[in-house]
Every structure is written in C-alpha cells, then in structure tokens.
Protein chains: 2
Amino acid sequence: MTDRNPSGRELEILKILWDAGPSTVRQVHEQMAPDGELAFNTVQTLLRIMDDKGLVEHQREGRTFVYSPRRTRENETSRLVDKMFDGSLDQLVVSLLSSRNVSDAELKKLEQIISAARKRKEPSRKGK
Amino acid sequence: MTDRNPSGRELEILKILWDAGPSTVRQVHEQMAPDGELAFNTVQTLLRIMDDKGLVEHQREGRTFVYSPRRTRENETSRLVDKMFDGSLDQLVVSLLSSRNVSDAELKKLEQIISAARKRKEPSRKGK
DNA sequence: GGAGAAAACCTAATAACTTAGGTTATTGTG
DNA sequence: CACAATAACCTAAGTTATTAGGTTTTCTCC
C-alpha cells in the first residue's frame with residue numbers, strides 16, 4: 001500500500017488541486033464537471049477515499065472541508081519517470097521530443113532551463 | 001475505449017515489452033516475477049485482456065504467442081504529460097529537475113539533445 | 001502411439017475504482 | 001421558529017483490475 005498509483009479520476013483530482021491549490025469539494029466539482037457531467041456526491045466520495053488512502057488531506061474551514069494534495073506533482077512525475085524509464089531523464093526527453101511537435105520557442109526555453117540548472121550545479125563542485 | 005489508460009500491472013507489462021521487445025508469456029512472467037511471486041496464468045490472463053483492449057497484439061510463433069506493445073512508450077509518455085502538465089514540456093522538466101538530483105553529465109547530455117532538436121528544426125538559422 | 005510438458009483457453013473470486021442516491025447535521029433567512 | 005440550502009456521512013450498485021485454479025490442446029520424446 002506504500003505506493004499504489006492514483007487511478008484515472010484520482011489523478012484528475014490531484015491535478016486540479018495542484019493547479020488550483022487547496023479546494024473544497026464544490027470547487028473541485030466545478031473544475032471537473034462544469035456542466036454537471038459528474039454528481040457532486042461522486043466527487044465528494046472520491047475525495048473521501050483519497051483522504052483515506054493518504055493521497056490528499058483535509059482541513060476544516062468553518063463547516064466545509066478544504067482538501068490539499070499530499071503528494072507534489074514533482075514527486076508524482078518522478079515516480080512515473082522511474083516507472084517508465086527506469087529514472088532516465090534523458091530517455092524521457094528524447095522520447096517526448098520524438099512524439100510531439102515542440103515549438104522552437106519551447107525548445108529555447110528548455111535550453112535555458114537546463115543551462116540554468118547546470119550553472120546552479122557547477123560552482124559548488126569544489127567542496128568534496 | 002479510445003484512450004483508457006493502462007493500469008499498474010498493465011504499465012508494468014508494457015514496460016517489459018518496450019524494454020525487451022516482443023516476448024512470450026513465459027518471458028514476461030520471468031521478468032515480472034523471477035521468484036514466482038505471480039502465477040504464470042496471471043500474466044497470461046493479463047496479456048489476453050490487454051490484447052482484447054488493444055494495448056498489445058500477438059502473433060503465433062509455432063505454438064506460442066509472441067506479444068508486442070501496440071502503443072509506443074513515446075505515445076504513452078506523451079499522454080501522461082498531457083494529463084499532468086497540460087502538455088507543457090517545460091513545466092515537466094522544471095518539475096523533474098526540482099524533484100531529483102540530476103548529475104551534471106546527464107544535464108550535459110540533455111543540453112545536447114535539445115540543441116540537436118533545435119538544429120533539426122531550423123537548419124537555416126544560427127544558434128545564439 | 002502414449003506420456004509428459006508446455007501452452008492456450010475458460011472460468012471465477014476478490015479487490016479496487018467509479019458513480020451516485022439517500023440521510024443527517026449545520027447554518028443562514030424570513 | 002421553520003425552512004431552504006449546503007455540507008458531510010452512509011450505503012450500494014455497476015464496472016474494471018488483479019489474481020489464479022482447472023481444462024483442453026499441442027508438441028516432443030521414447
């Protein structure tokens with residue numbers, strides 16, 4: 001039970017909580033089903049179960065519960081990369097670049113992100 | 001039915017097929033459960049169901065079936081990124097860099113991968 | 001050809017996921 | 001106070017996932 005993965009709907013809810021921050025059942029419901037494709041109660045049940053499983057936690061706010069994700073998107077993604085690529089970030093990126101059309105602007109941004117990460121790493125390479 | 005996601009075990013099996021190439025039930029079983037934690041029949045059933053769902057396909061080879069994945073790892077990953085990050089590759093990478101310790105060697109390799117992708121995209125243009 | 005092994009095929013039970021209806025408690029309003 | 005609204009709580013039904021035991025088929029070897 002240590003690390004069961006979130007199922008489809010669970011992931012959907014986690015994503016909403018990641019994007020929107022701590023939310024009430026109502027708020028999550030509105031995000032998931034703005035046109036009522038899903039009952040309020042359904043979302044409520046899902047959240048309660050996820051609470052039991054430790055995927056989210058809640059806090060009373062007056063008489064309503066405010067739910068927050070327990071796992072960060074970072075960790076969740078990391079687990080996925082481990083699962084799909086044995087942890088190889090390189091492989092993941094190669095894979096993504098080959099499967100989707102990435103704009104030059106995005107590539108450029110990526111380049112910057114990487115080089116920034118390298119700079120952050122380099123200067124402290126003396127300590128050991 | 002168009003795009004249901006593979007569940008835990010299914011993903012595990014897909015990964016084996018991606019890594020090892022087309023395999024028989026026995027081969028998959030040995031990969032998944034070298035010490036018999038899972039029955040042969042279990043793996044066989046999983047593969048048959050995945051076949052029904054179109055996640056894998058099979059081919060007779062003598063009297064045994066050889067299974068191959070129908071979806072590429074690339075596509076599967078792509079779908080996941082869409083789900084978690086609304087398709088933003090940048091966000092994904094930022095996220096991963098923050099959640100794991102990436103070696104400088106790996107970062108360097110990443111840089112090369114990306115700059116190669118850029119070149120492929122705009123052969124006529126110059127880098128900065 | 002028959003015995004044994006290995007494979008596919010059939011079946012089923014349990015657990016987990018997904019959905020939502022009904023019930024109860026709280027609170028704000030006329 | 002009574003009533004409507006809103007929220008949590010309880011329950012359950014239908015579906016999918018996970019697991020594996022039997023059964024039948026097919027091959028191989030003596």
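How each quantity is defined
- Residues numbered from 1 in each chain as written.
- Chains lettered and ligands numbered in written order.
- Predicted model: local features only at pLDDT ≥ 70, side-chain atom pairs only at ≥ 80, totals over all residues.
- Heavy atoms only, no water.
- Least-squares fit on C-alpha atoms with pLDDT ≥ 70 in both.
- Contact = heavy atoms within 4.5 Å.
- Domains from an automatic or database assignment.
- Near = heavy atom within 4 Å.
- Polar contact = N/O pair within 3.5 Å; in protein donor to acceptor, adjacent residues only side chain to side chain.
- Helix = DSSP H or I, 4+ residues; strand = E, 2+ residues; numbered from the N terminus.
- Phe/Tyr/Trp six-rings, centres within 6.5 Å; stacked < 30°, edge-to-face > 60°.
- Buried < 20%, exposed > 50% of the residue type's maximum accessible area, 1.4 Å probe, protein only.
- Buried area = accessible area lost by both parts, 1.4 Å probe.
- Salt bridge = Lys/Arg side-chain N within 4 Å of Asp/Glu carboxyl O.
- 1 Å grid on protein atoms, 1.4 Å probe; cavity = no way out; pocket = protein on both sides within 12 Å on 5 of 7 lines; lining within 4 Å.
- Points joined across faces, edges and corners; volume = space filled by probe spheres on them.
- Nonpolar A, V, L, I, M, F, W, Y, C, P; charged D, E, K, R; others polar.
- Arc of directions from axis to C-beta.

**Here we look at the relation of the copies chain B and chain A**
The pair of chain copies shares a relation made of a rotation about an axis and a shift along it.
Piece 1. Once chain B is rotated about the relating axis by 179 degrees and shifted along it by 0.0 Å, it coincides with chain A to within an RMSD of 0.2 Å. These values place the two chain copies in the arrangement generated by a two-fold rotation axis. The position closest to the rotation axis in chain B is occupied by the C-alpha of Glu 111 of chain B, lying 3.1 Å away.
Piece 2. Take the interface residues of chain B: 94% of them recur as interface residues in chain A, which is what a same-surface contact looks like.

**Description of the domain arrangement of chain A**
Piece 1. Taken domain by domain, chain A comprises domain 1 (8-69) and domain 2 (88-128).
Piece 2. Placing the centre of domain 1 of chain A and that of domain 2 of chain A at their C-alpha centroids yields a distance of 33 Å.

**Examining the protein's contact with DNA strand C**
Piece 1. Taken together, 21 residues lie near DNA strand C, and Ser 7, Arg 9 and Thr 45 of chain A together with Arg 26 and Gln 44 of chain B sit nearest.
Piece 2. In DNA strand C, atoms within 4 Å of the protein come from the sugar-phosphate backbone in 58% of cases.
Piece 3. Between DNA strand C and the protein, one listed contact pairs a phosphate oxygen with a side-chain N or O atom of Thr 42 of chain A at 3.1 Å.
Piece 4. Backbone polar atom of Phe 65 of chain B to a phosphate oxygen of DNA strand C: 2.9 Å apart, as the coordinates give it.
Piece 5. Put simply, the parts of the chain that give the surface near DNA strand C at least two residues each are α1 (8-20) and α3 (40-53) of chain A together with α2 (25-32), α3 (40-53) and β2 (64-69) of chain B.

**Looking at the packing of aromatic side chains**
Each aromatic ring pair is described using two quantities: the centre-to-centre distance and the angle formed by the ring planes.
Residues and elements named next belong to chain B.
Piece 1. By the definition in use, this model includes 2 aromatic pairs over all chains.
Piece 2. Ring centres 6.3 Å apart and planes at 70 degrees place the aromatic pair Phe 65 and Tyr 67 in the edge-to-face group.
Piece 3. When its relative accessible area of 27% is taken as the criterion, Phe 65 is described as partly exposed.
Piece 4. Note on Tyr 67: relative accessible area 4%, which makes it buried.

**Considerations on the interface of chain B and chain A**
Piece 1. Listed by partner, the interface residues are 51 residues for chain B and 48 residues for chain A.
Piece 2. Taken together, both faces of the contact between chain B and chain A bury some 4,600 Å²; the carbon and sulfur share is 62%.
Piece 3. For the interface between chain B and chain A, the tally reads 10 salt bridges.
Piece 4. Lys 15 of chain B is the partner of Asp 86 of chain A in a salt bridge, and the nearest nitrogen-oxygen pair spans 3.1 Å.
Piece 5. Between chain B and chain A we count 19 residue pairs in polar contact (both at pLDDT 80 or more) in total.
Piece 6. Secondary-structure elements contributing two or more residues to the side of chain B that touches chain A are α1 (8-20), α4 (73-85), α5 (89-99) and α6 (104-121) of chain B.
Piece 7. For the side of chain B that touches chain A, the leading source of residues is α6 of chain B, giving 13 residues.

**Describing empty space enclosed by the protein**
Piece 1. Under the defined criterion, the tally for this structure stands at 1 cavity of 30 Å³ or more.
Piece 2. For the largest cavity, the full set of lining residues is Thr 77, Leu 80, Val 81, Met 84, Phe 85 and Leu 92 of chain A together with Thr 77, Leu 80, Val 81, Met 84, Phe 85 and Leu 92 of chain B.
Piece 3. Looking at the lining of the largest cavity, the elements with two or more residues in it are α4 (73-85) of chain A together with α4 of chain B.
Piece 4. When grouped by side-chain class, the residues that make up the lining of the largest cavity number 10 nonpolar, 2 polar and no charged.

**So, helix α2 (residues 25-32) of chain A**
Piece 1. Those residues of α2 of chain A that fall on the buried side of the exposure criterion are Val 25, Val 28, His 29 and Met 32 of chain A. All buried residues of α2 of chain A project into a common sector of 100 degrees when viewed along the axis, lining one side.

**Describing the protein's contact with DNA strand D**
Piece 1. Inspection of the region around DNA strand D gives 21 residues, with Arg 26 and Gln 44 of chain A together with Ser 7, Arg 9 and Thr 45 of chain B positioned closest.
Piece 2. One of the side-chain nitrogen or oxygen atoms of Thr 42 of chain B is found 3.0 Å away from a phosphate oxygen of DNA strand D.
Piece 3. Arg 63 of chain B is positioned with one of its side-chain polar atoms (N or O) 3.1 Å from a base oxygen of DNA strand D.
Piece 4. Mapped by element, the contributors of at least two residues to the surface near DNA strand D are α2, α3 and β2 (64-69) of chain A together with α1 and α3 of chain B.
Piece 5. For the surface near DNA strand D, the residue count by class is 6 nonpolar, 8 polar and 7 charged.

**Considerations on the environment of Phe 85 of chain A**
Piece 1. One can find Phe 85 of chain A in helix α4.
Piece 2. C-alpha of Phe 85 of chain A to C-alpha of Ser 68 of chain A: the two residues are 17 residues apart in sequence and 29 Å apart in space.

**Overview of the layout of surface pockets**
Piece 1. Quantified by volume, the largest pocket comes out at close to 800 Å³.
Piece 2. Lining the largest pocket are 26 residues, with Asn 5 and Pro 6 of chain A together with Pro 6, Ser 7 and Gly 8 of chain B positioned closest to its centre.
Piece 3. Among the elements of the structure, α1 and α4 of chain A together with α1 and α4 of chain B are those that each provide at least two residues to the lining of the largest pocket.
Piece 4. With 6 residues, the top contributor of residues to the lining of the largest pocket is α1 of chain B.
Piece 5. For the lining of the largest pocket, a count of residues per class yields 6 nonpolar, 6 polar and 14 charged.

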